Amino acid sequence: MTKTLAVLGSTGSIGVQALEVAELMGFEVVALTANSRVDIIEEQIRKFSPRIAAVADEKAASELKIKVADTSTKVLSGARGVEECARCGADTVLNSIVGIAGLAPTLAAIECGSNIALANKETLVAGGKIVMNAAEEKGVAILPVDSEHSAIFQSLQGCRGKNQIKRLILTASGGPFFGKSRDYLETVTLEQALKHPNWSMGAKITIDSATMMNKGLELIEAAWLFGMKAADIDIVVHRQSIVHSLVEYVDNSVIAQLGLPDMRIPIQYALTYPDRFVSPVSQLDLAKAATLTFEKPDYETFACINHCRRAFEEGGLYPAAVNAANEKANELFRNGKIRFLDIPKAVEAAFDCVKSVSHHTLEDVFETDKLVRKETERLFV
Ligand code: NAD
Ligand code: MG
């Protein structure tokens, strides 16, 4: 179990909740990182007194250095500073950075032998093979924070071997546009896309939920985490976000994890595994929840899911490419530069930007990421 903890991306939606869990559990927080939110990380430094902290944005880092000069926390800057925090040697490094910026820090933490509590799904989408190999080599655990993957992980406790698993079933809330037609999606606004029915999250993942790219990314994440073929991972829309995902065994028994939609449950489980502790999250009242519904996703309207499935099946650099196209398109949509339905188009276009390779390195992943982002901007803006 975790005693010392580093939180990368501590100022974000997951990061803030992770620190809430850390405080309740009495973990020693040894490192914190942020991109630019100096006000929030300053407050966190004063509360948790970490040994080191880093801010990716150089200017914001200089500001923070001055602000916390009276504390014992050493402040670092830039992507290198974030990586150094990942190398702090904590029992667990919780990575809640958004996007591919989380990949190098994940690898740095693995190299140092820290267990990883992973929220940053883009790490596994872009660098799945490299990350899983590194973790295996170092004997470190990658514990899922993503609610669906935590649910699967919990439903797999007691599983006697992979040959007993028939398939994984990921649940999807469907986001704000479930049941809508392509015509409707043509003109949706950023404001509409940011209204998630069940979860309050960072802007990027909220848009990913609206396009359902999030479920595609999660399919790839699950394939790597649990060593499954994409064909053995199904998706079912469950509007209430109470059943967080399921495992079907060979005897057709299905085991699921349920709970109110609150990320503090999966965060806490990743940090206390294999034990469970009392949590501040409210009890699930099934009679109050009353109705749990399950439906097939509309794969034509929400085409990103199939693009991700295809990318994982084709392998190599294709997952890194679809991730990069999505990150760029998601950002362009949030900045009002492209329309909502340009996002799935950009993700599909990414397949033409890369060649199939039999072996790839971390440098190839970063190069693909750069190239696809550039191409996405060229094609859609
Ligand atoms: P967020 O936008 O609220 O927070 C992101 C964090 O990353 C912030 O602390 C920010 O400072 C940091 N960051 C951003 N860019 C960075 C960079 N270039 N270098 C270093 N740090 C940087 O996002 P979030 O909703 O907390 O999501 C974080 C990750 O967790 C994402 O990968 C997301 O898919 C995943 N996730 C989130 C939720 C959720 O409920 N929010 C659930 C499951 C998975
Ligand atoms: Mg999720």
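Reading the values: the criteria
Counting restarts for each chain: residues are numbered from 1 in the order of the written sequence. Throughout, the order in which chains and ligands are written sets their labels, letters from A for the former and numbers from 1 for the latter. Per-residue local features of the predicted model are confined to residues with pLDDT of at least 70, and side-chain atom pairs are confined, for both listing and counting, to 80 or more; whole-chain, interface and lining totals are unaffected and use all residues. The side-chain figures draw on all heavy atoms in the structure; neither hydrogens nor water molecules are used. For each structure, a 1 Å grid was placed over the protein atoms alone; sets of points admitting a 1.4 Å probe that cannot get out are labelled cavities, open sets with protein on both sides within 12 Å along at least five of seven lines are labelled pockets, and lining residues have an atom within 4 Å of a point. Grid points are joined across faces, edges and corners, and a volume is the space filled by probe spheres set on the points. Only DSSP runs of H or I reaching four residues or more are called helices, and only runs of E reaching two or more are called strands; each is numbered from the N terminus. For this classification, Asp, Glu, Lys and Arg are treated as charged, while Ala, Val, Leu, Ile, Met, Phe, Trp, Tyr, Cys and Pro are nonpolar and the rest, including Gly, are polar. The salt bridge definition used is simple: a Lys or Arg side-chain nitrogen within 4 Å of an Asp or Glu carboxyl oxygen. Only protein chains enter the accessibility calculation, which uses a 1.4 Å probe; a residue whose area is less than 20% of its type maximum is buried, one above 50% is exposed, and one in between is partly exposed.

Draft legend 1. Structural context of empty space enclosed by the protein. Evaluated as defined, the whole model comprises 3 cavities of 30 Å³ or more. When its volume is computed, the largest cavity comes out at roughly 60 Å³. Around the largest cavity, the lining residues are Ser147, Ser150, Ala151, Gln154, Trp199, His244, Gln257, Leu260, Pro261, Asp262, Ile265 and Pro266. Of all the elements, helix α7 (residues 147–155) adds the most residues to the lining of the largest cavity, at 4 residues. Split by residue class, the lining of the largest cavity holds 6 nonpolar, 5 polar and 1 charged.

Draft legend 2. Summary view of the pattern of salt bridges. Here the structure, examined in full by the defined rule, presents 26 salt bridges. Between Asp70 and Arg46 there is a salt bridge whose closest N-O contact spans 3.1 Å. In this pair, Asp70 sits in the loop between α3 (58–67) and β4 (74–77) while Arg46 sits in helix α2 (residues 38–48), placing the two residues 24 residues apart along the sequence. Arg87 is the salt-bridge partner of Glu83, the closest N and O atoms lying 3.3 Å from each other. By relative accessible area, which is 23% here, Glu83 ends up partly exposed. The class of Arg87 is partly exposed, set by a relative accessible area of 36%. Because the salt bridges share partners, they merge into one network encompassing Lys121, Asp146, Glu148, Lys215 and Glu218.

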